[in-house]
Amino acid sequence: MPNGQYGQQQPPAGGQWYPPEWPDRIRALADGSLTPVAPRRAATVMLLRDTPAGPAVHMLRRRASMAFAGGAYAYPGGGVDPRDAEHQVGWAGPSRQDWAARLGTDPAAAQAIVCGAVRETFEEAGVLLAGETEDTVVGDTTGDAWEADRQALVARELSFAEFLDRRGLRLRSDLLGAWARWITPEFEPRRYDTWFFVAALPESQRTRNASTEADRTVWIRPADAAGGYDKGELLMMPPTISTLRSLEPYGSAADALAAAGTQDLTPVLAQAALEDGVVVLSWPGHDEFTKRVRLGGPA
């Protein structure tokens, strides 16, 4: 879950994540005593399914005991495995070159990012966007053999390319749509360059809580999740609530997937400034997340 990148929380105002160590780290960045670390590539998937009340999204709640983002709601996701850039995988849908153009990378990196999105969805939700042919999707992914492979992927004992080859599967890249891109702020010790994707739950599959990092999973309408955030009942980080709000206008999973090609993938990177003893933290284009914190306590 790359959303888990922002440290321990304060009691939120609304449902926004705000770690107490941020002001000191922002001050250190401003005075040059903190050098930003390079962000790792990551991918996360907003898995959707249709309900009579509209599409619902699959979310996981990180365990409260987690050192990073404990108690926060997020989507299945995690770091990209560099091995997925090194070997050609069984592939269906838009070409690697097409994905590279969309994601703003080279074809090898694009393959790794898309593989990361599909692999993490399998690892954390038990859902696999792959099939034996370019127009099929696997059915039930439960059972001992599937679980052994999933565990091997989690442990990085098996690369995703090896997994697909072993199973004779093609990755269904056409079942994914790139939706957004957020980069962890420069003052954070663990940073991710995260691509957010949308996908529809295949009819033949069901989600399950396969992640050791989550204590709860839910299917929830984006508007309901956003409402919970606004009331301070659901804790989320800026990328999560922002992408939830952007899903609200769509009446079906198919509508959202069809709209993915028009979404802006300009990276969103937080900006921090010191103004008269007050830390001003903002995400360009996302004014609702702006925070003003006086050094030593809230402003």
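Scroll up to find the structure this text is about.
Residues numbered from 1 in each chain as written. Predicted model: local features only at pLDDT ≥ 70, side-chain atom pairs only at ≥ 80, totals over all residues. Heavy atoms only, no water.

Caption draft 1: Highlighting the overall build of the protein. What the protein contains, in helices and strands, is 8 helices and 15 strands. Across the 299 residues of the protein, 54% fall into the buried class. When contacts within the protein are restricted to residue pairs at least 6 apart in sequence, those whose partners lie at least 24 apart make up 70%. In the structure as shown, the protein presents an accessible area of about 12400 Å², 47% of it carried by carbon and sulfur atoms. (Helix = DSSP H or I, 4+ residues; strand = E, 2+ residues; numbered from the N terminus. Buried < 20%, exposed > 50% of the residue type's maximum accessible area, 1.4 Å probe, protein only. Contact = heavy atoms within 4.5 Å. Areas by Shrake-Rupley, 256 points an atom, 1.4 Å probe, with all protein chains shown as cover.)

Caption draft 2: Seen up close, the packing of aromatic side chains. Scanning the model with the defined rule gives 9 aromatic pairs in all. For the ring pair W99 and F197, a centre distance of 6.0 Å and an interplane angle of 55° mean the geometry is tilted. In this pair, W99 is assigned in helix α2 (residues 96–103) and F197 in strand β9 (residues 192–200), connecting sequence segments 98 residues apart. A single burial state applies to W99 and to F197, both of which are buried. Between W182 and F289 the ring centres are 6.4 Å apart and the planes differ by 70°, which places this aromatic pair in the edge-to-face class. Of this pair, W182 sits in strand β8 (residues 176–183) while F289 sits in strand β14 (residues 286–294), and the two are 107 residues apart along the sequence. On the basis of relative accessible area, F289 is assigned to the buried category, the value being 1%. (Phe/Tyr/Trp six-rings, centres within 6.5 Å; stacked < 30°, edge-to-face > 60°.)

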